Amino acid sequence: MLEECALPYVVRPVDISKGEQFGKQFLAISPNNRIPAIVDPEGPGGRPVAVFESGAILQYLGRKTGKFYPREERARVAVEEWLFWQMAGLGPMAGQAIHFRRYAPAPIDYAIARYSDEVNRLFGVMNVRLATRAFLAGRSYSIADIACVGWVRMAERAGQDLAEFPNLERWFETIRARPAVERAFAIRIAAASAVDPRDPKVRAVLFGQRARNS
Ligand SMILES: N[C@@H](CCC(=O)N[C@@H](CS)C(=O)NCC(=O)O)C(=O)O
């Protein structure tokens, strides 16, 4: 979204494998100890604003720039349906599918099937939707597509073959070819590529998290 809107930005990596997401400074920005989060130094009223949760970030940037988030109510509600559909469905389910397929200490067939099937179903929902529309919310590319594309890119890891979903595949290829998306996909963050969720030290930070009361 930052690339699409040609907004100036600086990437500040948070190494979640080392527990940097629990740092006081980061928690003040993102109290759920998750990336992504942004700080806009020129927020509302000219004062800085911090935003966490990718859907909220996309809506914020869409409102700020007037891009990829239509103002007209009928168009906006369609964008929001698919944005929330990702936040509540595709993102969490694909995340679990990848976890149980790649990171569980021992394979649990039931969990692998449950989450892989659900991603398969969700891909099917997109595939049907995209049979008659160029993009998820309709004719125009929007923050809903931006929210979903990263997960479709991980199809294989989530146990899916895009060839099974021709409309979704066409949508993915169209979006992937956008120069801003190419630039964004090309960003390599050294810390992120070094994360190995099989490393016991990393596992101790990332998995089995329970409530922290301060
Ligand atoms: N619903 C959140 C999900 C964010 C999320 O799960 N981020 C993961 C990395 S992809 C994270 O920061 N994990 C850190 C941790 O588990 O401590 C969003 O869309 O922003």
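We now turn to the structure provided with this report. A quick note: this is a predicted structure, and the numbers were derived from the prediction, not measured.

## As for the overall build of the chain
For step 1, the next point in the chain: From N to C terminus, the chain includes nine helices and two strands.
For step 2, the next point in the chain: Ordering the α and β elements of the chain from the N terminus gives α-β-β-α-α-α-α-α-α-α-α.
For step 3, the next point in the chain: Taking 2.2 N^0.38 as the reference for a compact globule, 214 residues should give roughly 17 Å; the C-alpha atoms of the chain span a radius of gyration of 18 Å, in line with that estimate.
For step 4, the next point in the chain: Based on the C-alpha atoms only, the size of the chain along its principal axes is roughly 50 × 45 × 30 Å.
For step 5, the next point in the chain: Of all 214 residues assigned to the chain, the portion counted as buried reaches 39%.
For step 6, the next point in the chain: Sequence-distant contacts in the chain: of pairs separated by 6 or more residues, those separated by 24 or more amount to 58%.
For step 7, the next point in the chain: Here the chain has roughly 12800 Å² of accessible surface; of this, 54% comes from carbon and sulfur atoms.
For step 8, the next point in the chain: Charged side chains of the chain number 30 positive and 23 negative; the gap between the two group centres comes to 5 Å.

## Considering the site of the ligand
For step 1, the next point in the chain: Around the ligand, the neighbouring residues are Ile16, Gln21, Asn33, Arg34, Ile35, Pro36, Glu53, Ser54, Met87, Leu206 and Gln209.
For step 2, the next point in the chain: A distance of 2.6 Å separates an oxygen atom of the ligand from a polar atom in the side chain of Ser54.
For step 3, the next point in the chain: Bound to the protein, the ligand loses 68% of the 530 Å² it would expose on its own.
For step 4, the next point in the chain: Residue composition of the shell around the ligand, grouped by class: five nonpolar, four polar and two charged.

## Considerations on the packing of aromatic side chains
For step 1, the next point in the chain: This structure, assessed with the given rule, holds six aromatic pairs.
For step 2, the next point in the chain: Judged by centre distance (5.7 Å) and plane angle (5°), the ring pair of Phe100 and Tyr115 falls under stacked. With a gap of 15 residues between them, Phe100 in helix α3 (residues 73-103) and Tyr115 in helix α4 (residues 109-129) connect regions that are remote in the sequence. There is no split in this pair, since Phe100 and Tyr115 are both buried.
For step 3, the next point in the chain: These aromatic residues form a ring-pair network of at least three members: Phe68, Phe135 and Tyr141.
For step 4, the next point in the chain: The ring of Tyr69 is capped by Arg76, whose NZ or CZ atom sits 3.8 Å from the centre of that ring.

## Here we look at the packing of α3 against helix α5 (residues 143-153)
For step 1, the next point in the chain: It is the contact of α3 with α5, at a shortest axis distance of 9 Å, that shows an interaxial angle of 10°. One element, α3, and the other, α5, form an angle in the roughly parallel class. On α5, the residues touching Val79, Trp82, Leu83, Trp85, Gln86, Met87, Leu90, Gly91, Ala94, Gly95 and Ile98 of α3 are Ile143, Ala144, Ala147, Cys148 and Trp151.
For step 2, the next point in the chain: In terms of residue class, the contact of α3 with α5 is built from 13 nonpolar, three polar and no charged.

## With respect to helix α2 (residues 54-65)
For step 1, the next point in the chain: When the terminal C-alpha atoms of α2 are compared, their 16 Å separation across 12 residues agrees well with the 16 Å that a helix rising 1.5 Å per residue should span.
For step 2, the next point in the chain: Of the positions making up α2, those classed as buried are Gly55, Ile57, Leu58, Gln59, Tyr60, Leu61 and Gly62.
For step 3, the next point in the chain: Its buried side turned inward, α2 meets β1 (37-40), β2 (49-52), α3 and α5.

## Notes on the environment of Tyr69
For step 1, the next point in the chain: Turning to its location among the elements, Tyr69 is positioned in the loop between α2 and α3.
For step 2, the next point in the chain: For Tyr69, a relative accessible area of 4% translates into the label buried.
For step 3, the next point in the chain: As for Tyr69 and Asp117, which are separated by 48 residues in sequence, their C-alpha atoms are 31 Å apart.
For step 4, the next point in the chain: Leaving out residues up to four positions away in the same chain, Tyr69 has contacts with Gln59, Gly62, Arg63, Arg76, Val79, Glu80 and Ile143.
For step 5, the next point in the chain: Separated by 2.3 Å, the side chains of Tyr69 and Glu80 make a polar contact.

The rules behind each value
Residues numbered from 1 in each chain as written. Predicted model: local features only at pLDDT ≥ 70, side-chain atom pairs only at ≥ 80, totals over all residues. Heavy atoms only, no water. Helix = DSSP H or I, 4+ residues; strand = E, 2+ residues; numbered from the N terminus. Rg over C-alpha atoms; globule rule 2.2 N^0.38 Å. Buried < 20%, exposed > 50% of the residue type's maximum accessible area, 1.4 Å probe, protein only. Contact = heavy atoms within 4.5 Å. Areas by Shrake-Rupley, 256 points an atom, 1.4 Å probe, with all protein chains shown as cover. Lys, Arg positive; Asp, Glu negative; His and termini not counted. Charge placed at Lys NZ, Arg CZ, Asp CG, Glu CD. Near = heavy atom within 4 Å. Polar contact = N/O pair within 3.5 Å; in protein donor to acceptor, adjacent residues only side chain to side chain. Nonpolar A, V, L, I, M, F, W, Y, C, P; charged D, E, K, R; others polar. Phe/Tyr/Trp six-rings, centres within 6.5 Å; stacked < 30°, edge-to-face > 60°. Lys NZ or Arg CZ within 6 Å of the ring centre and 35° of its normal. Axes fitted to C-alpha atoms, helices over the stretch in contact; angles between N-to-C directions. Parallel < 35°, antiparallel > 145°, perpendicular 65-115°, else oblique. Expected span 1.5 Å × (residues − 1).

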